Every structure is written in structure tokens, then in C-alpha cells.
Amino acid sequence: MNRDWVEKDFYQTLGVPKDATAAQVKKAYRKLARELHPDAKPGDAQAEERFKEVSEAYDVLSDSTKRKEYDEARALFGNGGLGGPGGGFGGGNYGGTMDDLFSRMGGGGSGGLGDVLGGIFNRGRGAAGGRAPRRGADIESEVTLGFTEAIEGATVQLGLASEGPCPTCAGTGARDGSAPRVCPSCSGTGLTSRNAGGFAFSEPCQQCRGRGLVVDDPCPTCHGSGRGRSTRTVSARIPAGVRDGQRIRLKGKGVPGERGGPAGDLVVAVHVRPHPVFGRDGDNLTVTVPVTFTEAALGAKVAVPVLGGSPVTLRLSPGTANGRVLRVRGKGAPRKDGTRADLLVTVEIAVPQNLTGAAREALTAYAEATADHDPRAELLAAAVAAEA
């Protein structure tokens, strides 16, 4: 008997009356299962949770033995036997949860009736949940992309190793040429009944360990468990504009689900190699372009490189200062809305390291012509004023 059953109304979950026939229960389940199945509503977490609830409810109400135990337990714990007004052990009005009830019955110590019943209920909890469809686990991987690949997007092949059905026996757990048989102890339900203090509770079958099947000739690879490590290659699309260190979640590319449950997700950590020319500032790309002193002073048209395209011509205004940032629209990384960010161009005045005689004479003449202009005069005056 699953402890959670007592606090759940499986009839309400399936939308059927308490005196519903087996056919009515089956019809209601099939209708809800078709509507809520993860394949019908991929990525809908709420529908997936409802599908699990419906599956659990049907698992109990479709089995006459489980349904009888459920009805008796609900009547006992929910309608007066242990929790109704004036009923229960010791009487009184009790309206708490089952956890509170077991705690009170246990008296705060070990060995009480609450501990005994709690242990029985908890032993059944894992087996009941194990037969319902279960979502596969997520897998984590990582990939290193070039700078251009990260900006434009790329499709990469990832080799993944994960747990899944044993590749040798296809998940049956039996050696090739043989097959598992229905467990004779539990008749394939995975549960056996146990009497405790006059009450009958269900717990995982000891012979089949809750699987409902017995393997006489186990698979040599998985030793009868039906599970094993498998390696597969997954084609993963990394979206355009991904950043270094970003984690991309790819739905349904993780470990396959069990008993019809949805597959888990693949979480890819992305590393991006730096580019020798371009950098990145958010969605904007950055580049530093050296210019000559005369180009900055007199103004000029300069060629600017563009990632993945032909250079564009940028006009410098006369008197452009060193370090000024200019913007080239639409030449950055793609945005989520389909537009592209900008390319930010930083102007860097290049000082020549070797001068020819003519160039030196020209600069000397320029220095003499501008000798009356001191660009540091205001700076020095402000420093003196600050000290005064």
C-alpha cells in the first residue's frame, strides 16, 4: 500500500464516480492519456505532471486488489477510522495530513504504531511509482566552437554515453534466445500483500524486486537488470549568437524515458575560442582600427573589416580623437528577434616607429607651426588650482 494513496482522490483524478465500473475507469483513462501524453504535448510540464497523476490513478483503480485496498484505506484513514470526527485511535477530531497522523501515532519515538505503519507505507512507495511512465535523465556535455561558429550558429556531433536499455538484450534482462516470465509470487504486479496488525498492505515483491518479471537465464551484459551503458552520437544545433560559457538546453536529447515516458534533455556547455581580430560586447562585435595622425586630423575614409563579409568604408571626421568609438549598424551578432547588433569600431592613432627624412622634416615644420598651442596647458592649470 502506497502511503500517498490515502491523501489522493484517484476517482476525482480520472473524473469517474466511486462506483465506476472497470470499463468506465479504462475509458476515462484512455481519453485523458491521449490528451496529456508527452508526445501530444511536448515540453508542457503541467500536462506531463497530469499524465503521471492519471497513470498512477489508473494503475490503482484498474487493479481490483489495489482498488479494494485503496477504498478500504481511504475509508479508514479519511472517513473516520483514524481521522474522522470522534473516530480513530483515541477519538477526537483529527484533520492533519498523513505525515502528521503517523507522527502522532508514533508518540515522538521509535517503535510506535505510527513508525510501523509508516515503514509499511514507505516500502510500497517506490514500487508503485516505479511502474508509471518515467522521464529520462538529463545529460550534460560540452563543446568548443570557433568565434565565427558561435556568432553564426553551428550543428555539431556529440558522442554521448548514458544509461538506457541494455543493448545486448534490448532491455528484457534475458539472455538471447530466452525471455523473462511473469513472476509467480506477484502475478506480474510487482507487489505482494502483507498483513500488519489486521490490515493488509502491499510492498515490493521480494522474488522479482518489484519488476513483475523473473529472469531465469540472465543477460551476460546487464546480469538481468535490463539496463546498461550505451554510446550514441547526437546531432545538436547550437543557435546563432551563443556566448562563451552559455549553457544550451536541447529538449528530448537526453536519456530515453522508461515505460513510455519522455526523454530527458541534453544540456551543452559552450566554450568559444577567441578571435584574433574581433571581440564581443553583449550582442555587439568590437574591433580596433589603427589610423594615421593625418587621417585622424584631416579626416579620411578608412576600410574596416567585417566578420564573415567584405570590409566596409568608414568616414572619419576631421579632428577624430584617439579612442573614439564609431558604430557600423547591423554588423554584429544575431539577436533573438532576428535582427543583428552593431559593430563597434575603436579608432587608434598609430605612431610611426621609423620616419624617413622627408617625413621628419614635415613633422618638424608642423611642430614649429603649432608651437604656440600647448594641449596640456588646461590640464596643468587645473592641477595647480586643485592644490591651491
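For the structure itself, consult the block above.
A short tour of the structure in this document, coming up.

About the thresholds
- Residues numbered from 1 in each chain as written.
- Predicted model: local features only at pLDDT ≥ 70, side-chain atom pairs only at ≥ 80, totals over all residues.
- Heavy atoms only, no water.
- Helix = DSSP H or I, 4+ residues; strand = E, 2+ residues; numbered from the N terminus.
- Buried < 20%, exposed > 50% of the residue type's maximum accessible area, 1.4 Å probe, protein only.
- Contact = heavy atoms within 4.5 Å.
- Areas by Shrake-Rupley, 256 points an atom, 1.4 Å probe, with all protein chains shown as cover.
- Pairing = 2+ DSSP bridges.
- Axes fitted to C-alpha atoms, helices over the stretch in contact; angles between N-to-C directions.
- Core = buried A, V, L, I, M, F, W, Y, C linked by side-chain atoms within 4.5 Å.
- Salt bridge = Lys/Arg side-chain N within 4 Å of Asp/Glu carboxyl O.
- Polar contact = N/O pair within 3.5 Å; in protein donor to acceptor, adjacent residues only side chain to side chain.
- Parallel < 35°, antiparallel > 145°, perpendicular 65-115°, else oblique.
- Left-handed = near helix turned anticlockwise from the far one by under 90°.
- Nonpolar A, V, L, I, M, F, W, Y, C, P; charged D, E, K, R; others polar.

**Structural notes on the overall build of the chain**
Reasoning step 1: Along the backbone of the chain there are 10 helices and 15 strands.
Reasoning step 2: Counting every position in the chain, which comprises 388 residues, the buried fraction comes to 36%.
Reasoning step 3: Long-range contacts, defined here as pairs at least 24 residues apart, represent 61% of the contacts in the chain between residues at least 6 apart.
Reasoning step 4: Accessible surface computed for the chain: about 22400 Å², of which carbon and sulfur atoms make up 51%.

**Concerning the sheet that holds strand S8 (residues 247-250)**
Reasoning step 1: Strand order across the open sheet formed by 3 strands is S1-S9-S8, with mixed pairing between neighbours. The sheet is open, and its two borders are formed by strand S1 (139-145) and S8, each paired with just one other strand. Taken pair by pair, the neighbouring strands of this sheet meet at an average axis angle of 25°, ignoring direction.
Reasoning step 2: The sheet contact formed by S8 and strand S9 (residues 266-272) spans 4 bridges and is antiparallel. Of the residues in S9, the one forming a bridge with arginine 249 is valine 267.

**Re the nonpolar core**
One broad trend across soluble globular proteins is that nonpolar side chains are buried collectively.
Reasoning step 1: Membership of the largest hydrophobic core comes to 38 residues, with the highest contact counts inside it found for Val270 and Leu343.
Reasoning step 2: Ranked by size, the runner-up nonpolar core spans 18 residues in total, among them Val25, Ala28, Leu61 and Tyr70.

**Comments concerning the pattern of salt bridges**
Reasoning step 1: Under the defined criterion, the tally for this structure stands at 19 salt bridges.
Reasoning step 2: Among the ionic pairs, arginine 249 bridges to aspartate 265, the shortest N-O distance being 3.1 Å. Here arginine 249 is found in strand S8, whereas its partner aspartate 265 is found in the loop between S8 and S9, with 16 residues between them in sequence.
Reasoning step 3: On the accessibility criterion, arginine 249 (45% relative accessible area) is partly exposed.
Reasoning step 4: Within this structure, Arg135, Asp138, Arg249, Lys251 and Asp265 form a network of salt bridges that share partners.

**Structural notes on the environment of aspartate 71**
Reasoning step 1: Position of aspartate 71 among the secondary structure elements: in helix H4 (residues 64-78).
Reasoning step 2: Overall, the relative accessible area of 32% leaves aspartate 71 in the partly exposed class.
Reasoning step 3: Linking aspartate 71 and leucine 61, residues 10 residues apart in sequence, is a C-alpha distance of 9.4 Å.

**Thoughts on the side chain of threonine 320**
Reasoning step 1: Looking at the secondary structure, you find threonine 320 in the loop between strand S13 (309-316) and strand S14 (325-328).
Reasoning step 2: A distance of 2.5 Å separates a polar side-chain atom of threonine 320 from the backbone oxygen of serine 317.
Reasoning step 3: If sequence neighbours within four positions are ignored, threonine 320 has contacts with Ala296, Val347 and Ile349.

**Examining the sheet that holds strand S10 (residues 279-281)**
Reasoning step 1: Across the sheet, which stays open at both edges, the 4 strands sit in the order S10-S11-S15-S14 with mixed pairing between neighbours. At either end of the open sheet lies a strand with only one pairing partner, and these are S10 and S14. Going across the sheet, the axis of each strand differs from the next one's by a mean of 35°, ignoring polarity.
Reasoning step 2: Direction of pairing for S14 relative to strand S15 (residues 343-349): antiparallel, over a ladder of 4 bridges.

**Topic: unusual backbone geometry**
Reasoning step 1: Of note, histidine 223 is a non-glycine position whose phi angle comes to about 60°, a positive value.
Reasoning step 2: For histidine 223, the position within the fold is in the loop between strand S6 (213-214) and strand S7 (227-238).
Reasoning step 3: For histidine 223, a relative accessible area of 64% puts it in the exposed group.

**Details of the packing of helix H2 (residues 22-36) against helix H3 (residues 45-61)**
Reasoning step 1: At a closest axis distance of 9 Å, the pairing of H2 and H3 adopts a crossing angle of 160°. Overall, the two elements H2 and H3 adopt an arrangement that is roughly antiparallel. Considering only the axes of H2 and H3, their crossing is left-handed. Between H2 and H3, the residues in contact are Val25, Lys26, Tyr29, Leu32, Ala33 and Leu36 and Ala47, Arg50, Phe51, Val54, Ser55, Tyr58 and Leu61, respectively.
Reasoning step 2: In terms of residue class, the contact of H2 with H3 is built from 10 nonpolar, 1 polar and 2 charged.

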